[in-house]
Amino acid sequence: MTKTFKTLEDFLGTHFIYTYDNGWEYEWYAKNDHTVDYRIHGGMVGGRWVTDQKADIVMLTEGIYKISWTEPTGTDVALDFMPNEKKLHGTIFFPKWVEEHPEITVTYQNEHIDLMEESREKYETYPKLVVPEFANITYMGDAGQDNEDVISEAPYKGMPDDIRNGKYFDKNYNRINKGCSSNQVDGGSS
C-alpha cells in the first residue's frame, strides 16, 4: 500500500501488522470511526483475537492518530499511529490478573465476555503491568471500512506472513480459503 495519510478518513479502513520492539507481533484494523478489530500473534497473550471493540479514534495532527480503549478484561490500551513513518507507539496497561493468568484471555474474546468480566472481579487488578513500546509497521492494507473478513478467524502460525505475501486476501480484500485455519497460534481457539 502506497498512500500518504493526511486525514482521519485516510486512516479508517486500514489494516496493519506491526511488531513491538519487545518482539510482540500484533495485527490491528481501524474498522470505522469508533470500532477496532485485532489479533495478537506473539507475546504474553499471543493467540487472542477481538472484533468490534469500541474505541476512541482521533487524528492528533495530519497523519498522526491516537486510539484508546478499555477491554472487558480491564486492560487499557493507547496507540499512537504514525503510518507515514511506518511507526507506532503503544502502551498497554495489563491488570495484575492478566499478567498472572494470561491464558484466560487467549481466546476469541467476544464469545467469552462473561469469563473476562468474572476474572476481572475474581483476581487482583493492581499493580498493573505497564508495557510502553515502539513498534515498526510491517504491513498496511486498504481493507475499507466495516470489512468483516479482515479479522474473522483465530490467528495461526504464519498468518502475518501469509497476509504480507498476498496469500490471505484477494484483490478486493476478501479472505481467501475461508474456513481453513488449521495452524492456530499456541493457546488460540475460536
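Reading guide: rules and limits
Residues numbered from 1 in each chain as written. Predicted model: local features only at pLDDT ≥ 70, side-chain atom pairs only at ≥ 80, totals over all residues. Heavy atoms only, no water. Core = buried A, V, L, I, M, F, W, Y, C linked by side-chain atoms within 4.5 Å. Buried < 20%, exposed > 50% of the residue type's maximum accessible area, 1.4 Å probe, protein only. Helix = DSSP H or I, 4+ residues; strand = E, 2+ residues; numbered from the N terminus. Contact = heavy atoms within 4.5 Å. Pairing = 2+ DSSP bridges. Axes fitted to C-alpha atoms, helices over the stretch in contact; angles between N-to-C directions.

Named according to an unreviewed UniProt entry, the chain is Phenolic acid decarboxylase originating from Companilactobacillus paralimentarius DSM 13238 = JCM 10415.

Participant: Go over the nonpolar core with me, naming the residues and quoting the values.
Facilitator: In this structure, Phe11, Tyr18, Trp28, Ile67 and Phe81 are the most contacted members of the largest nonpolar core, which totals 35 residues. Of all the secondary-structure elements, those providing two or more residues to this core are β1 (14-20), β2 (25-32), β3 (35-40), β6 (64-70), β7 (76-82), β8 (87-94), α2 (96-100) and β9 (129-142). A per-element tally of this core places β9 first, with 4 residues. Look past the residues within four positions of Phe81 in its chain and what remains in contact with it is Phe11, Phe16, Tyr18, Trp28, Gly63, Ile64, Tyr65, Ile67, Lys87, Leu88 and Ile137. Tyr29, Tyr139, Val150 and Phe169 belong to the second largest nonpolar core, which has 15 residues in total.

Participant: Can you tell me about the sheet that holds β6, naming the residues and giving the values?
Facilitator: One open sheet accounts for 9 strands, arranged β4-β3-β2-β1-β9-β8-β7-β6-β5; its pairing is antiparallel. In the strand order of this sheet, the two ends are held by β4 (49-54) and β5 (56-61), each with one partner. Looking at each pair of strands side by side, their axes are set apart by 25° on average, direction ignored. In this structure, β8 lies alongside β9, joined through 8 bridges in antiparallel fashion. In the sheet register, Lys87 faces β9, and the bridge partner there is Asn136.

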